[in-house]
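Listed here are the chains, written in short residue letters.
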Amino acid sequence: MDKIINGKEIAKNIDAGLSADVNNFISKSGVIPSLHIIMAGNSPPSELYVRNIERRCGKCGIATSLHRICSNTSAEELKNLICLLNGDNAVSGIMLQMPLPEHINTREMVSLILPNKDVDGCHPENLGKLAMGNCQLPPCTAAGIIQLLKSSSIRIAGTSAVILGRSTVVGKPAALMLLNENATVTMCHSHTQNPCEASVNADILISAIGKPEFVTEKFVKSGAVVIDVGTNTREDGTLVGDVKFDEVSKIAAKITPVPGGTGPMTISMLMKNILTAAKISISK
């Protein structure tokens, strides 16, 4: 179906170019870009995501190291690990795999990562730079959304974009990036009185709320572009997005599937950030 935005295929093309860029960087600098992942516990979704990152990085020539911490690790122990990685010149990027244990302040730990090693793009300094329009390490999923739209020749400037969800990981950075691309952006969240009324006028509708099949055809204008960031697991183990795909795909001009839409792009943007971080490290 031509209307399906194949994130997996787009990511594959990006990875091919990135692999060449990484090899070129290594040959010129002698530095191998590296990602250090910190993960607590053994959540199956986290395990799968980290394995996918390790596999994709390996194909592109990026080294990875996984630091497993116990669910009862203290905040001080995690802080010491982050500081150790911050001070290691061989570490290009640091990534905290979420969720962290409940007793640890996630925002505090993210803020401890050096901004130039924050390849997830979640450090307050990088988010501030994103607001100013000059961020070198943008949040990966938001950057992936923009790349999906551009790779699919979808016009952003002058369009009306609605985002369902205001997280600092997806919703807010996606809004900033769309604004930087000259879209007019509306955000809907848990306190929005009538999200359907706002979203039905959108040229581009992005859902990142984590509610399975919440977005039905009544939310979507005929001919709209629908980007589904949601990844929700049914009781039988199958994945579904925030969007009721079978229903919405009949009226949307373009739509991303789950899986195979924004997910692969997030990892591609992560790898792009790792290479950028490695370049920043040798320029200091």
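Refer to the structure printed above.
Residues numbered from 1 in each chain as written. Predicted model: local features only at pLDDT ≥ 70, side-chain atom pairs only at ≥ 80, totals over all residues. Heavy atoms only, no water.

A. How the structure looks around the sheet that holds strand β10 (residues 254–255). If you walk across this open sheet you meet the five strands as β5-β4-β6-β7-β10, and the pairing is parallel. Pairing within the sheet leaves two strands with one partner each, and these edge strands are β5 (184–188) and β10. Sheet analysis places strand β4 (residues 160–164) next to β5, joined by five bridges and oriented parallel. Considered in β5, the bridge of Ile-163 is made with Met-187. (Pairing = 2+ DSSP bridges. Helix = DSSP H or I, 4+ residues; strand = E, 2+ residues; numbered from the N terminus.)

B. How the structure looks around the packing of aromatic side chains. Evaluated as defined, the whole model comprises one aromatic pair. Relative to Phe-219, the ring of Phe-214 lies with its centre 5.3 Å away and its plane at 55°, an arrangement referred to as tilted. Lys-211 extends its terminal NZ or CZ atom over the ring of Phe-214, reaching a point 5.3 Å from the ring centre. (Phe/Tyr/Trp six-rings, centres within 6.5 Å; stacked < 30°, edge-to-face > 60°. Lys NZ or Arg CZ within 6 Å of the ring centre and 35° of its normal.)

C. Structural view of the packing of helix α1 (residues 7–29) against helix α2 (residues 44–60). For the pair α1 and α2, the least separation of the axes is 8 Å and the interaxial angle reads 50°. Considering their axes alone, α1 and α2 lie oblique with respect to each other. Taken together, the residues of α2 that come into contact with α1 (itself represented by Ala-11, Asp-15, Ser-19 and Val-22) are Arg-56, Lys-59 and Cys-60. Taken together, the residues of the contact of α1 with α2 sort by class into three nonpolar, one polar and three charged. (Axes fitted to C-alpha atoms, helices over the stretch in contact; angles between N-to-C directions. Parallel < 35°, antiparallel > 145°, perpendicular 65-115°, else oblique. Contact = heavy atoms within 4.5 Å. Nonpolar A, V, L, I, M, F, W, Y, C, P; charged D, E, K, R; others polar.)

D. Molecular detail of the side chain of Asp-228. Structurally, the position occupied by Asp-228 is in strand β7 (residues 225–228). Although Asp-228 is buried, it forms no salt bridge, and the closest oppositely charged side chain is Arg-234 at an N-O distance of 10 Å. Within the structure, the side chain of Asp-228 is placed 2.9 Å from the backbone nitrogen of Asp-242, a separation counted as a polar contact. Reaching out from Asp-228, the side chain makes a polar contact with the backbone nitrogen of Val-243 at a distance of 3.0 Å. Leave out the neighbours within four places in its chain, and Asp-228 touches Ser-207, Gly-241, Asp-242, Val-243, Thr-256, Val-258 and Thr-262. (Buried < 20%, exposed > 50% of the residue type's maximum accessible area, 1.4 Å probe, protein only. Lys, Arg positive; Asp, Glu negative; His and termini not counted. Salt bridge = Lys/Arg side-chain N within 4 Å of Asp/Glu carboxyl O. Polar contact = N/O pair within 3.5 Å; in protein donor to acceptor, adjacent residues only side chain to side chain.)

E. Representation of the pairing of strand β2 (residues 63–69) in the model. Summarising the sheet, strand β1 (residues 34–40) and β2 pair through seven bridges and their orientation is parallel. When the bridges of β2 are listed, Ser-34 appears paired with Ala-63. In terms of handedness, the path from β1 via α2 over to β2 forms a crossover that is right-handed. (Right-handed = clockwise from strand over helix to strand, strands pointing away.)

F. Summary view of the sheet that holds strand β3 (residues 93–96). The strand order across the open sheet formed by three strands is β2-β1-β3, and the pairing between neighbours is parallel. Where the open sheet ends on each side, the last strands, each with one partner, are β2 and β3. The mean inter-strand angle of the sheet, taken between neighbouring strand axes irrespective of direction, is 20°. The strands touched by α2 within the sheet are β1, β2 and β3, with β1 carrying the most contacts at an inclination of about 170°.

G. How the structure looks around α1. Across its 23 residues, α1 extends 31 Å between first and last C-alpha, which sits within 8% of the 33 Å expected from 1.5 Å per residue. Buried residues of α1: Gly-7, Ile-10, Ala-11, Asp-15, Leu-18, Ser-19, Val-22 and Phe-25, and no others. For α1, the secondary structure elements touched by its buried residues are α2, α6 (140–151) and α10 (262–283). Backbone nitrogen of Lys-8 and a side-chain oxygen of the N-cap are separated by 3.2 Å at the start of α1; the cap is Asn-6. Gly-30 sits one or two positions beyond α1 and adopts a positive phi of about 75°. (Expected span 1.5 Å × (residues − 1).)

H. Main features of the pattern of salt bridges. Counting across every chain of the model gives seven salt bridges. A salt bridge links Lys-12 to Glu-9; its shortest N-O distance comes to 3.9 Å. Within this pair, Lys-12 and its partner Glu-9 are both found in helix α1, separated by three residues, close to a single helical turn. Residue classification places Glu-9 among the partly exposed positions, given a relative accessible area of 38%. A salt bridge links Asp-203 to Lys-221, with the nearest nitrogen and oxygen atoms 2.7 Å apart. Placement of Asp-203 in the loop between α8 (195–199) and β6 (204–207) and of Lys-221 in the loop between β6 and β7 is noted, with a sequence separation of 18 residues between them. Using a relative accessible area of 28% as the deciding quantity, one classes Asp-203 as partly exposed.

I. Up close: the packing of helix α5 (residues 124–132) against helix α7 (residues 171–180). Following both chains from N to C, one finds α5 and α7 inclined at 30°, their axes separated by 8 Å at the closest point. With respect to α7, the element α5 is oriented roughly parallel. Of the residues in α7, those touching α5 at Leu-127, Leu-130 and Ala-131 are Pro-173, Leu-176, Met-177 and Asn-180. Broken down by class, the residue content of the contact of α5 with α7 amounts to six nonpolar, one polar and no charged.

Everything listed here is a matter of coordinates, which is why it stays silent on function.
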